[in-house]
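Commentary on secondary and tertiary structure
Letter by letter, the chains look like this.
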Amino acid sequence: MKITTIGLDIAKSVFHFVAVNQAGKLVKKKMLRRKDVMHFVAKIEPCLIVMEACGSADYWAREFQKLGHQVKLIAPQFVIPYRQGNKNDYNDALAIAEAAQRPNMRFVQPKPVEQQDVQMLHRMRERLNKQSTALVNQVRGMLAEYGIVIAKSKAAFRKAFPEILSDESNELTVKGRYIFNQLHGEFIDIEKRLKSCDTQILEERNTNQVCQRLETTPGIGPVTSTAFYAAVGEGKDFSNGRHFSAWCGLVPKQHSSGGKDNLLGISKRGNAYLRTLFIHGARAVLQHCGGKQDRLSRWAYALAERKGFNKACVALANKLARMAWAIAAWKDEYRTFA
């Protein structure tokens, strides 16, 4: 019988393939080695191939599309309810095929390689930031054992640490000073790599029209605009800005029953990195909106007066995310209204 849908459970080396017909009946199943996947799929007539949105899924999606197949990705948490029996690779592949046939299923759009490049840059930058913070905290803790205290900020550390190393009147031993010099060299190296990442982000912004339009929005700079592009491109996968802000986790979590609505804190679903950037941008806007007369600043200032600074930051981040989606999807620019 004709294959209409393929459920493919992907891994590093071993792939499990199940094929179903239009009625959802299992037609074929097979275990494949990585080197055999493309050759095997090339022999199948064009159909729908469905995978979980996980590591290397974007690569396989692009390769299968070149062969004429339609490819869809499903978030792993949406596959779990359709798995029958114990967890194994074949049952996972069957669950993927079953979930793909549900009319209300939500899919993830495969990323083009251009977005993956920018995403990789942001992931490297995020890792370097964490390494830098961890190193600063470790050095501050070790210096405290010698009775030397540095303020928390990286700026204070950047200024004070070289002075401590050159000060021969403190209690640092020769061996201790040598080790701290090594840590200082490591910190400088991470800082250089971070600056290189920021330079590459600026280069991407300067050549990307989506990022340039996004930066017309208050609170959105090169980092946020390129992170937006890396995550969702032009945002065409979302039907409106509310769906995008919900995907970012910037909307209330709901726990309602019996017709009674009960809204909790924000859901924190979706892309945590992008959500963090939007909240930081909103915090910067809120800190400088006092005295401004445009509609957004007056709304944000009044909200902060009523609800407090932190709640207003999240609400403003939600609004910025929705505006960013509209600018990217409609190819528009931000306009200030009095």
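What you see is a predicted model, and the numbers here were worked out from it, not measured in a lab. The written sequence of each chain sets the order in which its residues are numbered from 1. Residues qualify for local features only when their pLDDT is at least 70, as the model is predicted, and side-chain atom pairs are given and counted only at 80 or more; totals for whole chains, interfaces and linings, by contrast, use all residues. Only heavy atoms go into the side-chain values, all of them from the structure, while hydrogens and water stay out.

Time to look at the domain arrangement of the chain. Note that domain bounds follow an automatic or database assignment of domains. Partitioning the chain into structural domains gives domain 1 (5-108), domain 2 (113-207) and domain 3 (232-330). Of note, the centres of domain 2 and domain 3, computed from C-alpha atoms alone, are 32 Å apart.

What follows concerns the state of the cysteines. In what follows, a disulfide is any cysteine sulfur pair within 2.5 Å. This structure, assessed with the given rule, holds zero disulfides. A disulfide-free cysteine, Cys54 has its sulfur positioned 19 Å from the sulfur of Cys47, the nearest such atom. Looking at the unpaired Cys211, the closest cysteine sulfur is the one in Cys248, lying at 15 Å. When accessible area is computed with a 1.4 Å probe and restricted to protein chains, residues below 20% of their type maximum are described as buried, those above 50% as exposed, and intermediate ones as partly exposed. The exposure class assigned to Cys211 is buried, which follows from its relative accessible area of 0%.

A few words on the nonpolar core. Nine residue types can take part in a nonpolar core, namely buried Ala, Val, Leu, Ile, Met, Phe, Trp, Tyr and Cys, and a core is a set of them joined through side-chain atoms within 4.5 Å. Grouped together as the largest cluster of nonpolar side chains are 62 residues, with contacts concentrated most on Leu143, Phe228, Phe244 and Phe278. Think of it this way: any DSSP run of H or I at least four residues long counts as a helix, any run of E at least two long counts as a strand, and we number them from the N terminus. When residues of this core are traced back to their parent elements, those giving at least two are α5 (113-144), α6 (154-166), α7 (174-207), α8 (209-214), α9 (222-232), α11 (272-287), α12 (295-307) and α13 (309-330). Per-element accounting of this core gives the leading share, twelve residues, to α13. A domain split of this core shows at least three residues from each of domain 2 (113-207) and domain 3 (232-330). Excluding anything up to four places from it in sequence, Phe228 contacts Leu214, Gly233, Phe244, Leu274, Phe278, Ala324, Trp325 and Ala328. Residues Ala19, Val37, Cys47 and Trp60 belong to the second largest nonpolar core, which totals 21 residues. Any pair of residues with heavy atoms lying within 4.5 Å of one another is described as a contacting pair.

Okay, the side chain of Asp92 next. For Asp92, the position within the fold is in helix α4 (residues 89-100). Looking at Asp92, its side chain comes within polar contact range of the side chain of Arg83, at 2.8 Å. Within the structure, Asp92 has its side chain in polar contact with the side chain of Lys87 (distance 2.6 Å). Aside from chain neighbours lying at most four places away, what touches Asp92 is Asp9, Val79, Arg83 and Lys87. Side-chain atoms alone can form a polar contact between residues adjacent in sequence; in general such a contact is a pair of N or O atoms within 3.5 Å, and within protein one must be able to donate a hydrogen while the other accepts it.

Bringing a positive patch on the surface into the picture now. Where like charges cluster on the molecular surface, the positive patch consists of Arg106, Lys253, Lys268 and Arg269. Following the sequence through the fold, Arg106 ends up in the loop between α4 and α5. Residue class for Arg106 comes out exposed when judged on its relative accessible area of 57%. Patches here are clusters of residues that have more than 30% relative accessible area and form no salt bridge, with a 9 Å joining cutoff for like charges and a 5 Å cutoff for nonpolar side chains (Val, Leu, Ile, Met, Phe, Trp, Tyr). Method for areas: the Shrake-Rupley scheme with a 1.4 Å probe, in which residue coverage is limited to the protein chains shown. Only one rule defines a salt bridge in this text: a Lys or Arg side-chain nitrogen within 4 Å of an Asp or Glu carboxyl oxygen. Charged-residue counts in this description rest on Lys and Arg as positive and Asp and Glu as negative, His and the chain ends being excluded. Every charge is mapped onto a representative atom, which is NZ of Lys, CZ of Arg, CG of Asp or CD of Glu.

Take the sheet that holds strand β3 (residues 26-33) next. Paired strands, in this sense, are two strands between which DSSP finds at least two bridges. Strand order in the open sheet formed by five strands is β3-β2-β1-β4-β5, with mixed pairing between adjacent strands. The open sheet has two edge strands with one neighbour each: β3 and β5 (70-74). Direction aside, the axes of adjacent strands within the sheet are offset by 20° on average. One ladder, built from five bridges, connects strand β4 (residues 48-52) with β5; its direction is parallel. Note that in β5 the partner of Ile49 across the bridge is Val71. An axis is simply a line fitted to the C-alpha atoms; with a helix, the fit covers only the stretch in contact. Between two such axes, the angle follows the N-to-C directions and lies from 0 to 180 degrees. Set on the sheet, α4 makes contact with β1 (5-9), β2 (14-20), β3, β4 and β5; between it and β1 the angle comes to about 140°.

On to the packing of α7 against α9. Look at α7 against α9: their axes get within 9 Å of each other, and the N-to-C directions meet at 70°. On the basis of the axis angle, α7 is roughly perpendicular to α9. Like other packed secondary-structure pairs, α7 and α9 cross with a definite hand, here left-handed. Within the contact between the two elements, α7 uses Ile201, Leu202, Glu204 and Arg205 and α9 uses Pro222, Val223, Ser225, Thr226 and Tyr229. Angle categories: roughly parallel below 35 degrees, roughly antiparallel above 145, roughly perpendicular from 65 to 115, and oblique for all the rest. Handedness of each helix crossing follows the sense of rotation of the near helix against the far helix: counterclockwise by less than a right angle gives left-handed, clockwise gives right-handed.

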